[in-house]
Amino acid sequence: MGSGSGPLPAGLIVGKGQFALSRISREGGIPLRTRIPIGLLAIVAAACMASLTFAKASAEDNFKEKCTMCHGPDGKGFAALKTPDFTDPKWQASVTDQHIADVIKNGKKDTAMKGFGDKLSPDEIKALVKYIRSLNSEKKK
Ligand code: HEC
């Protein structure tokens, strides 16, 4: 982008696009040459969305499967177990992502919180950190 790129060239580009589009519709259909990239784009977009949904579901599933028995189904914790309330903005503010990831991986010494480094991949731990962050009640307002 040189100093020449101002509103005028942008307008020209839009104008050219409209011209191309109107020519396509006059010729009756999108030419094959442009149809292939569009198809590819749709596949890539669908794959990205699928993997995002999958990552979210799996963090939630991991939490349900491995953490709720001590942290509660909603992450609020149990007083009897001395587990923290993950929905509490004060608790959220008191820990860094790095600390949460570290505790999940290595556990907390001399507590019931054991490490999951041998059961969860680094990506799964990262997703769990995000999931725990999403429980913050302040974020749900
Ligand atoms: C056997 C019970 C148990 C299980 C299962 C368990 N935790 Fe914990 N967890 C604890 C306890 C107890 C604490 C509080 C430790 C303390 O005294 O600070 C804790 C604390 C934590 C903390 C906060 C650490 C801190 O310094 O504030 C995080 C984050 C955490 N657990 C995440 C998880 C995740 C994620 C899982 C599932 C993969 C999980 N825990 C499974 C018992 C458990």
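Refer to the structure presented above.
Heads up: these notes are all about the structure in this document. Bear in mind that the values here come from a model prediction, so they are computed numbers and not experimental data.

The rules behind each value
- Residues numbered from 1 in each chain as written.
- Predicted model: local features only at pLDDT ≥ 70, side-chain atom pairs only at ≥ 80, totals over all residues.
- Helix = DSSP H or I, 4+ residues; strand = E, 2+ residues; numbered from the N terminus.
- Buried ≥ 20, exposed ≤ 12 C-beta atoms within 10 Å, placed from the backbone.
- Contact = placed C-beta atoms within 7 Å.
- Near = placed C-beta within 6 Å.
- Nonpolar A, V, L, I, M, F, W, Y, C, P; charged D, E, K, R; others polar.
- Core = buried A, V, L, I, M, F, W, Y, C linked by C-beta atoms within 7 Å.

The helix and strand inventory of the protein chain stands at seven helices and zero strands. Reading the secondary structure of the protein chain in the N-to-C direction produces α-α-α-α-α-α-α. Taken across its 141 residues, the protein chain has 9% of its residues classed as buried. In the protein chain, the share of contacts with a sequence separation of at least 24, taken over all contacts with a separation of at least 6, comes to 53%.

Before going further, it helps to examine the site of the ligand. As a matter of local geometry, the ligand sits amid 20 residues, with Cys67, Cys70, Thr111, Ala112 and Met113 nearest to it. Elements represented by at least two residues in the shell around the ligand include exactly helix H3 (68–71), helix H5 (97–106) and helix H6 (122–134). Residue composition of the shell around the ligand, grouped by class: 14 nonpolar, three polar and three charged.

Assignment of secondary structure puts Phe78 in the loop between H3 and helix H4 (89–94). You can call Phe78 exposed: it has 12 C-beta atoms within 10 Å. Measuring from C-alpha to C-alpha, the distance between Phe78 and Thr68 comes to 10.0 Å, with ten residues separating the pair along the chain. Filtering out sequence-adjacent residues up to four positions away, Phe78 remains in contact with Gly72 and Thr83.

Moving on, we come to the nonpolar core. If you look at the biggest cluster of nonpolar residues, it comprises nine residues: Ala59, Phe86, Ile104, Ile125, Ala127, Leu128, Val129, Tyr131 and Ile132. Examining the composition of this core, we find that six residues originate from one element, H6, more than from any other. Setting aside anything within four residues of it in sequence, one finds Ile104 in contact with Phe116, Leu120, Ile125 and Leu128.

Another point: unusual backbone geometry. Positive phi is not limited to glycine here, since Lys82 has a value of about 60 degrees. Here Lys82 lies in the loop between H3 and H4. According to the C-beta neighbour criterion, Lys82 is exposed, with 11 such atoms within 10 Å. One non-glycine residue, Asp110, lies in the positive phi region at around 60 degrees. With respect to the helices and strands, Asp110 occurs in the loop between H5 and H6.

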